[in-house]
Amino acid sequence: MDPDSRIYVAGHRGLAGSAIVRRLRAEGFERLVLRTHAELDLCNQAATEEFFAAEKPEYVFLAAALVGGIQANNTRRAEFIRDNLLVQTNAIDAAWRHGAKKLAFLGSSCIYPKFASQPMREDALLTGALEPTNEPYAIAKIAGIKMAQAYRDQYGFDAISLMPTNLYGPGDNFDLESSHVLPALLRKFHEAKVAGAATVTLWGNGTALREFLHVDDLASAAVFLMREYSAGEIINVGSGEEVSIGELAGLIGEVVGFEGEIVWDRGKPDGTPRKLMDSGRLRGMGWRAEVGLRGGVEGTYEWFRGMRAQ
Ligand SMILES: NC(=O)c1ccc[n+]([C@@H]2O[C@H](COP(=O)([O-])OP(=O)(O)OC[C@H]3O[C@@H](n4cnc5c(N)ncnc54)[C@H](OP(=O)(O)O)[C@@H]3O)[C@@H](O)[C@H]2O)c1
């Protein structure tokens, strides 16, 4: 990529896409091609084809997808498999058809097998059964990875697939019905503080271990890999920083300024005991995450309060 490259960031108003746009602009890329979902529905093949034919982006960051937490994934199973298959199939095919030089597809750590050994390496993909609650989403994403690999093999199209761990940061989804754990905790603690509640009740016992990556780090990795990486093998993008849900809740309580007590509802499930990615391949290429969890949570909370104040 050079400063004159035409770069399409699909999903640029989402958590990952907006961070990729911030990063590209900060690095001096000015010829960004952007369309909101309302302007271009990537599920619509004809519209996608027309867009690529007219704009001919040289580089594509495919960060548009239907994304959600367990509840949304489990109850909207048809939408999750259909929309994700359509978005990625249309975008990857049109990008190749209209001469894009390179495309980066975003996979996800939650499409590895449910019982993959930890930390999860790239070669764990497709070695076991998936988590049933998000299987339709995972199958679609795995198809996207396979499509990127097949287009590389058969057509020589330089498509790469990144596997980000749990992301968080400005632009996150704070809707309790569909959000991920970190924004959900931030909102719960914030609302408890505002209400002057004495306690916050959380599911499980807080011992489950998770990894989080700030979206600004994901964006830096995505731009780095767009420049430096050209191979079919998927590549993990994680912080390597492991934290228990109990520690995370404690940290979020401190950042928010909640002075009450955390109560663990031990009758409720904790989820997988440990979920961590092995990002050794990416680190071996010289990339490092830069945003620490405390600073990242502070910035995200500031963003959340700013949104609420609007
Ligand atoms: N969030 C995470 O923790 C995480 C972790 C690992 C991997 N990822 C991957 O990162 C990618 C982006 O996730 P995200 O968290 O940034 O999601 P997000 O915040 O929900 O953003 C997704 C974006 O895609 C757009 N979009 C959805 N369907 C579309 C369509 N049919 N046509 C055009 N645009 C469409 C959405 O627009 P509307 O909102 O207007 O529909 C939204 O702007 C996904 O591939 C996801 O699998 C995310």
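What counts, and where the lines are drawn
- Counting starts from 1 at the beginning of each chain's written sequence and moves along it residue by residue.
- This being a predicted model, a pLDDT of at least 70 is required before a residue's local features are given, and a value of 80 or more before pairs of side-chain atoms are given or counted; all residues contribute to the totals for chains, interfaces and linings.
- Side-chain descriptors were evaluated using all non-hydrogen atoms of the structure, hydrogens and water having been removed beforehand.
- Note on conventions: DSSP H or I runs of at least 4 residues are helices, E runs of at least 2 residues are strands, and numbering of each starts at the N terminus.
- Values of the radius of gyration come from C-alpha atoms, whereas the globule rule sets the reference at 2.2 Å times the count of residues to the power 0.38.
- Any pair of residues with heavy atoms lying within 4.5 Å of one another is described as a contacting pair.
- Stacked, edge-to-face and tilted are the three classes for Phe, Tyr and Trp ring pairs, Trp counted by its six-membered ring, which pair at centre distances within 6.5 Å; planes under 30 degrees apart are stacked, over 60 edge-to-face, the rest tilted.
- Burial classes follow relative accessibility: with a 1.4 Å probe on protein chains only, a residue under 20% of its type's maximum area counts as buried, one over 50% as exposed, and anything between as partly exposed.
- Only a single heavy atom is needed: when it lies within 4 Å of a molecule or strand, its residue is near that molecule or strand.
- Under the rule applied, a polar contact is a pair of N or O atoms within 3.5 Å (in protein, one hydrogen donor and one hydrogen acceptor; residues adjacent in sequence only if both atoms are side-chain atoms).
- Here the open area of atoms and residues is found with the Shrake-Rupley method and a 1.4 Å probe, where only the protein chains shown may cover a residue.
- When residues are grouped by polarity, Ala, Val, Leu, Ile, Met, Phe, Trp, Tyr, Cys and Pro land in nonpolar, Asp, Glu, Lys and Arg in charged, and all others, Gly among them, in polar.
- By this definition, two strands are paired if DSSP reports at least two bridges between them.
- Helix span, as expected, comes to 1.5 Å for every residue beyond the first.
- The arc in question is the one traced by the directions running from the helix axis out to the C-beta atoms.
- Points on a 1 Å grid over protein atoms alone make up a cavity when a 1.4 Å probe fits among them but cannot get out, and a pocket when they form an open set with protein on both sides within 12 Å along at least five of seven lines; lining residues each have an atom within 4 Å of a point.
- Grid points are joined across faces, edges and corners, and a volume is the space filled by probe spheres set on the points.

Draft legend 1. Quick look at the overall build of the chain. From N to C terminus, the chain includes 10 helices and 11 strands. Relative to the 2.2 N^0.38 estimate, which gives 19 Å for 310 residues, the radius of gyration of the chain is 19 Å and therefore close to what a compact globule would have. In terms of its C-alpha atoms, the chain occupies a principal-axis envelope of roughly 60 × 45 × 40 Å. Counted over contacts in the chain with a minimum sequence separation of 6, partners at least 24 positions apart contribute 81%.

Draft legend 2. Highlighting the packing of aromatic side chains. Counting across every chain of the model gives 11 aromatic pairs. Plain terms: the ring middles of Phe51 and Phe52 are 5.2 Å apart, the flat faces sit at 80 degrees to each other, and that makes the pair edge-to-face. Here Phe51 matches Phe52 in class, with each residue buried. Each ring, one from Phe80 and one from Tyr137, has its centre 6.2 Å from the other, and the planes form 70 degrees; the classification is edge-to-face. Placement of the pair is Phe80 in helix H4 (residues 77-97) and Tyr137 in helix H5 (residues 135-155), with a sequence separation of 57 residues. Judged by its relative accessible area of 0%, Phe80 is buried. A network of ring pairs unites the aromatic residues Phe174, Tyr301, Trp303 and Phe304 as a single cluster.

Draft legend 3. Layout of the site of the ligand. Around the ligand sit 25 residues in total, of which Leu15, Ala16, His37, Tyr137 and Lys141 are the nearest. Asp41 places a polar side-chain atom, nitrogen or oxygen, 2.8 Å from a nitrogen atom of the ligand. Take Leu167: an N or O atom from its main chain is 2.9 Å from an oxygen atom of the ligand. Relative to its free-state accessible area of 890 Å², the ligand is covered by the protein chains to the extent of 81%. Within the residue set of the shell around the ligand, elements represented by two or more residues are helix H1 (15-26), H5 and strand S6 (166-168). Here the residues of the shell around the ligand are counted per class, giving 14 nonpolar, eight polar and three charged.

Draft legend 4. Spotlight on the pairing of strand S8 (residues 209-214). Of all six residues in S8, five are buried; the element is thus mostly enclosed. Summarising the sheet, S6 and S8 pair through three bridges and their orientation is parallel. Bridge assignment links Asn166 to a residue of S8, and that residue is Phe212. Bridge analysis of S8 against strand S10 (residues 242-244) gives three bridges, and the strand direction is antiparallel. Along S10, the bridge assignment pairs Leu209 with Ser244.

Draft legend 5. Quick peek at the sheet that holds strand S5 (residues 158-164). Spatial ordering of the open sheet is given by S2-S1-S3-S4-S5-S9, a layout of six strands whose pairing is parallel. Edge strands, defined here as strands with exactly one partner in the open sheet, are strand S2 (32-33) and strand S9 (235-237). Examined bridge by bridge, strand S1 (residues 7-10) and S2 share two bridges and lie parallel to one another. Note on S2: the bridge partner recorded for Ile7 is Leu32.

Draft legend 6. Seen up close, helix H10 (residues 293-309). Its 17 residues give H10 an end-to-end C-alpha distance of 24 Å, which sits within 8% of 24 Å, the value for a rise of 1.5 Å per residue. Restricting attention to buried positions, one finds in H10 the residues Leu293, Gly296, Val297, Thr300, Tyr301 and Phe304. Viewed along the axis of H10, the buried residues span an arc of 135 degrees, placing them on a single side of the element. Seen from the open side of H10, the exposed residues pointing more than 90 degrees away from its buried face are Glu302 and Ala309. The elements touched by buried residues of H10 are S6, helix H6 (181-195), S8, S10 and helix H8 (245-256).

Draft legend 7. Broad picture of the side chain of Ser18. Within the element layout of this structure, Ser18 appears in helix H1. We classify Ser18 as buried; its relative accessible area is 15%. Each residue touching Ser18, except ones within four places of it in the same chain, is listed here: Gly11, His12 and Arg13.

Draft legend 8. Structural context of the layout of surface pockets. By volume, the second largest pocket is sized at about 180 Å³. Forming the walls of the second largest pocket are Ala19, Arg22, Arg23, Asp216, Asp217, Ala219, Ser220, Trp287, Arg288, Glu290 and Val291. Every element with two or more residues in the lining of the second largest pocket is listed here: H1 and helix H7 (215-228). When residues of the lining of the second largest pocket are assigned to their parent elements, the largest contribution, four residues, is made by H7.

Draft legend 9. Representation of the environment of Arg23 within the structure. By the element assignment, Arg23 lies in helix H1. For Arg23, a relative accessible area of 32% corresponds to the partly exposed category. When the C-alpha atoms of Arg23 and Asp153 are compared, they prove to be 30 Å apart, with 130 residues separating the residues in sequence. Not counting residues within four places of it along the chain, the set of residues in contact with Arg23 comprises Ala219, Ser220 and Val223.

Everything listed is a geometric property; what it means functionally is a separate question.
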